Amino acid sequence: MDRSITHSCGHEQSHFVDGTFAADIDRMTARLARQRCRQCREGAAAARAAVNLLALGALVLPPLEGSPRQVAWAEKLRAARLPTVMKTSPTAPARLAEVRDAKWWIEVRAMSDAQLIASFDTAAAITVSV
Ligand SMILES: [Zn+2]
């Protein structure tokens, strides 16, 4: 059933809320009310993306290789990841930016920054030694 829910940002938005028990519907309604509305969340995401792009500055990001869906996803992951990696290791993003394989960016998305850098160094060492 469609419900009008007032979000934590103060905006009202209609949501389809369904459940077997009334308690499920109440819980889902309360969870939605604790979040910001879609428009506010998308605005915040766009602002974060802009800040991330600024943080990368002069870093040249080569086009990624893979299927169109992989490339689209990996570009977002890379754009969000490189600025955070830059905070822990200022020189790492320049090396990581050379990775053009979209699949690699998707595979390492759950790794911590330290694991990501170590994984890249290991892969690079293997490539050099072979
Ligand atoms: Zn809002």
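Keep in mind that what you see is a predicted model, and the values were worked out from it rather than measured.

### Brief notes about the packing of aromatic side chains
Pairs of aromatic rings are described using the distance from one ring centre to the other and the angle between the two planes.
Phase 1 of the analysis: Across all of its chains, the model carries 1 aromatic pair by this definition.
Phase 2 of the analysis: Ring centres of Trp104 and Trp105 lie 5.1 Å apart, and the angle between their planes is 85°; on these two criteria the pair is classed as edge-to-face. Grouping residues by exposure puts Trp104 and Trp105 together as buried.

### Some points on the confidence of the model for the protein
Phase 1 of the analysis: Put simply, the protein has an average pLDDT of 87, and 94% of its residues get 70 or more.
Phase 2 of the analysis: The lowest-confidence element of the protein is helix α6 (residues 113-129), averaging 70 in pLDDT; the highest-confidence one is strand β2 (residues 12-16), averaging 95.

### Topic: the pairing of β2
Phase 1 of the analysis: Of the two faces of β2, the one lined by Gln13 and His15 is fully buried and the one lined by Glu12, Ser14 and Phe16 carries no buried residue.
Phase 2 of the analysis: With 5 bridges joining them, strand β1 (residues 2-6) and β2 adopt antiparallel strand pairing. Bridge pairing links Thr6 to Glu12 in β2.
Phase 3 of the analysis: Connecting β1 to the next strand, β2, in antiparallel fashion are 5 residues, including Gly10 with a positive phi near 100°.

### Section: the domain arrangement of the protein
Phase 1 of the analysis: What the domain assignment reports for the protein is domain 1 (2-36) and domain 2 (59-129).
Phase 2 of the analysis: Each of domain 1 and domain 2 was reduced to a C-alpha centroid, and the two centroids are 37 Å apart.

### Structural notes on the environment of Ala92
Phase 1 of the analysis: Tracing the chain through its elements places Ala92 in helix α4 (residues 92-96).
Phase 2 of the analysis: Residue classification places Ala92 among the buried residues on the basis of a relative accessible area of 1%.
Phase 3 of the analysis: Linking Ala92 and Asp113, residues 21 residues apart in sequence, is a C-alpha distance of 9.9 Å.
Phase 4 of the analysis: Not counting residues within four places of it along the chain, the set of residues in contact with Ala92 comprises Val85 and Ile117.

### Some points on the coordination of the zinc ion
Phase 1 of the analysis: At the metal site, the zinc ion is ligated by Cys9 (SG), His11 (ND1), Cys37 (SG) and Cys40 (SG), and these contacts range over 2.0 to 2.3 Å.
Phase 2 of the analysis: Geometry at the zinc ion is tetrahedral, judged from the 4 donor atoms that bind it and their angles of 102 to 115° at the metal.
Phase 3 of the analysis: Mapping the donors of the zinc ion onto the primary sequence yields the spacing C-x1-H-x25-C-x2-C.
Phase 4 of the analysis: Residue classification places Cys40 among the partly exposed positions, given a relative accessible area of 23%.

Calculation criteria
Residues numbered from 1 in each chain as written. Predicted model: local features only at pLDDT ≥ 70, side-chain atom pairs only at ≥ 80, totals over all residues. Heavy atoms only, no water. Phe/Tyr/Trp six-rings, centres within 6.5 Å; stacked < 30°, edge-to-face > 60°. Buried < 20%, exposed > 50% of the residue type's maximum accessible area, 1.4 Å probe, protein only. pLDDT = per-residue confidence, 0-100. Helix = DSSP H or I, 4+ residues; strand = E, 2+ residues; numbered from the N terminus. Pairing = 2+ DSSP bridges. Domains from an automatic or database assignment. Contact = heavy atoms within 4.5 Å. Donors = N, O, S within 2.8 Å, 3.2 Å for Na, K, Ca; no water. Tetrahedral: all angles 85-135°; square planar, octahedral: opposite > 155°, others 65-115°.

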